[in-house]
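Here is how the chains run, residue by residue.
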Amino acid sequence: MEYVNLSELVERFGGRLMTGKELLNAIGPAQRKLDCIISKYGDCGGERRKPEYLAQLIVEHVNEQRYAECFSKKEKALPEQYPSKTTTLL
């Protein structure tokens, strides 16, 4: 079996660097998602079992986490003078 450096694959598919912590935090959720996809749709002739597929799911998870963190910070930074998301107009 060929040795595959998962972090290199993730960087190649992600197009940017990610921290070791981000990578480690994403492996579990990405593997669970992959297991769910395979159980629901099959492994597509072994394609979904390749390390590249897991790397893409890791990139997806890290991107989701980064966007969530970014928007969470923006919402916290909004001054109180702005109306809330649920403004009622009369």
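Since we're looking at a predicted model, the values are computed, not measured.

K.L.:
Explain unusual backbone geometry residue by residue, including any values.
P.N.:
The backbone phi angle of C44 is positive, close to 55°, even though this residue is not glycine. Residue position: C44 is located in the loop between helix 2 (20–41) and helix 3 (51–77).

K.L.:
Quick one: what's the story with the pattern of salt bridges, residue by residue and with numbers?
P.N.:
Counting across every chain of the model gives 4 salt bridges. Here R49 makes a salt bridge to D43, at a shortest N to O gap of 3.0 Å. Using a relative accessible area of 25% as the deciding quantity, one classes D43 as partly exposed. For the salt bridge of K50 with E47, the shortest nitrogen-to-oxygen distance reads 3.0 Å. The partly exposed category is assigned to E47, whose relative accessible area is 41%.

K.L.:
Outline the nonpolar core, supporting the account with residue identities and numerical values.
P.N.:
V10, M18 and I58 are the most contacted members of the largest nonpolar core, which has 15 residues in total. If you list the elements that add at least two residues to this core, you get helix 1 (6–14), helix 2 and helix 3. Those residues in contact with M18 that sit more than four places away from it in its chain are V10, L23, I58, V62 and R66.

What counts, and at which threshold
- Residues numbered from 1 in each chain as written.
- Predicted model: local features only at pLDDT ≥ 70, side-chain atom pairs only at ≥ 80, totals over all residues.
- Heavy atoms only, no water.
- Helix = DSSP H or I, 4+ residues; strand = E, 2+ residues; numbered from the N terminus.
- Salt bridge = Lys/Arg side-chain N within 4 Å of Asp/Glu carboxyl O.
- Buried < 20%, exposed > 50% of the residue type's maximum accessible area, 1.4 Å probe, protein only.
- Core = buried A, V, L, I, M, F, W, Y, C linked by side-chain atoms within 4.5 Å.
- Contact = heavy atoms within 4.5 Å.

Any functional reading would require information beyond the geometric quantities listed.
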